[in-house]
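The residues making up each chain are set out below.
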Amino acid sequence: MSFMQALRTRWEQADSLVCVGLDPEPAKFPARFAGDPDAVFDFCRAIVDATAPYVCSFKPQIAHFAALGAEDALQRLIAHIHDACPGIPVILDSKRGDIGSTAQHYAAEAFDRYGADAVTANPYLGRDSVQPFLDRADRGVVILCRTSNPGAGDLQDLTIEGRPLYQHVAEKVARDWNGNGNCALVVGATWPQQLREVRAIVGEVPFLVPGVGAQGGDVEAVVTHAKTADGTGLVVSSSRAILYASSGADFADAAAGAAKSLRDEINRYR
């Protein structure tokens, strides 16, 4: 099953648009993980197992693992998701984008080494920098468009031919790069009006929407402005608010509760 097929199936079967971002920070782990040599894997596995009923996808952030020397834990975690939660796609958040020959290795890293179903990618080196990802028709390519960070507008809002750059990116991806139907766009929850504008440009192309929860994105505004006609089209990502909902022994149950609460809140506006 392709990434897009898996995502649409999960939207329907789980009745969820929630994506749990897996951003391990050992300093925030509950005390029970102190001294655990495999704490990164064990913590993330517990989160995955607890939240799986309420999500449409998981999104491990590669830097959080690599900075800890925990690439093996990331590889095992993705394998665990596929084994324990069949049908839930994994988006590797690595924001890759480089010259074509290097991009081929980044594609192999994401899809062959780690086994991810999709990867985030940076479009600002042009099409050849993402072509090796686009060519993997069964995998997803989630391309940065209007990101959620405060400095996003420094470049993404620059006016070109009367329109901001992020709108040109959205149009280019939807019109020219999505020949295999495997593209999605990153559009931040912190910019609800931009969500509406990009949706009008790209039609049914899915959005990965970070910024809900700790970054303050408004759920009602996100869903109202960005859902597709059938009430889907969104992968609404939350990381810290779910992962660290509790620092106690009940951390997994608290994470499940936070994921369920976000799912239910999103569904109220669909």
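These numbers come from a predicted model, not from an experiment.

Undergrad: Could you clarify how one ought to interpret the layout of surface pockets in this entry?
TA: Any empty space left between the atoms is revealed when a probe the size of a water molecule rolls over them. Taken as a whole, the second largest pocket spans an internal volume of roughly 150 Å³. Every residue along the wall of the second largest pocket is listed here: Met1, Ser2, Phe3, Ala6, His82, Gly87, Ile88, Pro89, Asp117, Asp138 and Arg139.

Undergrad: Can you walk me through the environment of Val55 in this structure?
TA: Inspection of the secondary structure assignment puts Val55 in the loop between helix 2 (39–51) and strand 2 (57–60). In this structure the C-alpha to C-alpha distance between Val55 and Gln104, which are 49 residues apart in sequence, comes to 30 Å. Ignoring anything within four residues of it in the chain, the contact list for Val55 reads Arg10, Ala14, Ser16, Val18, Val20 and Ile88.

Undergrad: Sorry, what's going on with the sheet that holds strand 1 (residues 18–22) here?
TA: Strand order in the open sheet formed by eight strands is 2-1-10-9-8-5-4-3, and the pairing between neighbours is parallel. Edge positions in the sheet fall to strand 2 and strand 3 (91–96), since each of these pairs with one other strand and no more. When the angles between neighbouring strand axes are averaged without regard to direction, this sheet yields 30°. Two strands pair when backbone bridges link them, and strand 1 and strand 10 (residues 234–238) are joined in this way by three bridges, in the parallel orientation. Across the sheet, the residue bridging to Cys19 is Ser237, located in strand 10. Strands strand 5 (140–146) and strand 8 (183–187) of the sheet are contacted by helix 8 (residues 165–177), whose axis makes an angle of about 155° with strand 5. Contacting strand 5, strand 8, strand 9 (207–209) and strand 10, helix 9 (residues 192–202) crosses the sheet at an angle of about 165° to strand 9.

Undergrad: Quick question: what am I supposed to make of helix 6 (residues 127–134) here?
TA: Helical periodicity: at 3.6 residues per turn, an α-helix aligns residues three or four positions apart in one direction. For helix 6, every residue scored as buried is listed here: Ser129, Val130, Pro132, Phe133 and Leu134. On the buried face of helix 6, the contacting elements are strand 3, helix 5 (100–113), strand 4 (118–121), strand 5, helix 8 and strand 8.

Undergrad: Explain the side chain of Gln156 here, please?
TA: When you line up the elements, Gln156 lands in helix 7 (residues 153–156). Once residues lying within four places of it in the same chain are set aside, the contact partners of Gln156 are Tyr124, Cys145, Arg146, Thr147, Pro164, Leu165 and Tyr166.

Undergrad: Looking at this structure, how should I read the packing of aromatic side chains?
TA: Any aromatic ring pair is given by two values, namely how distant the centres are and how the planes are angled relative to each other. For the coordinates displayed, the defined rule picks out seven aromatic pairs. Three or more aromatic residues joined by ring pairs form one cluster here, namely Phe29, Phe33, Phe43, Tyr244 and Phe251. Sitting above the plane of the Phe41 ring, Arg76 keeps its charged end 4.6 Å from the centroid. Cation over ring: Arg199 sits above Phe207, and NZ or CZ is 3.9 Å from the ring centre.

Undergrad: Help me understand the environment of Asp38, please; the structure alone is not making it clear to me.
TA: Secondary-structure assignment places Asp38 in the loop between strand 1 and helix 2. Taking relative accessible area as the criterion, Asp38 reaches 25% and is therefore assigned partly exposed. Between the alpha carbons of Asp38 and Leu185 there is a distance of 34 Å; along the sequence they are 147 residues apart.

Undergrad: What am I meant to see in the pattern of salt bridges here?
TA: Note that side chains of opposite charge can pair when their charged atoms are close. Summed over the entire model, instances satisfying the criterion amount to 17 salt bridges. Between Arg175 and Asp176 there is a salt bridge whose closest N-O contact spans 3.1 Å. Each of the salt bridges in this network shares a partner with another, and the network as a whole consists of Arg163, Glu171, Lys172, Arg175 and Asp176.

Undergrad: Teacher, can you tell me more about the pairing of strand 10 here?
TA: Looking along a regular strand, one sees side chains alternate from face to face of the sheet. Counting buried residues in strand 10 gives five out of five residues, a clear majority hidden from the surface. Neither face of strand 10 is open: one carries Leu234, Val236 and Ser238, the other Val235 and Ser237, and all of them are buried. Relative to strand 10, strand 9 runs parallel, the two being bridged by three bridges. Residue pairing in the sheet places Leu208 in a bridge with Val235 of strand 10.

Criteria and thresholds
Residues numbered from 1 in each chain as written. Predicted model: local features only at pLDDT ≥ 70, side-chain atom pairs only at ≥ 80, totals over all residues. Heavy atoms only, no water. 1 Å grid on protein atoms, 1.4 Å probe; cavity = no way out; pocket = protein on both sides within 12 Å on 5 of 7 lines; lining within 4 Å. Points joined across faces, edges and corners; volume = space filled by probe spheres on them. Helix = DSSP H or I, 4+ residues; strand = E, 2+ residues; numbered from the N terminus. Contact = heavy atoms within 4.5 Å. Pairing = 2+ DSSP bridges. Axes fitted to C-alpha atoms, helices over the stretch in contact; angles between N-to-C directions. Buried < 20%, exposed > 50% of the residue type's maximum accessible area, 1.4 Å probe, protein only. Phe/Tyr/Trp six-rings, centres within 6.5 Å; stacked < 30°, edge-to-face > 60°. Lys NZ or Arg CZ within 6 Å of the ring centre and 35° of its normal. Salt bridge = Lys/Arg side-chain N within 4 Å of Asp/Glu carboxyl O.

Note that all results are geometric; they support no functional claim without further evidence.
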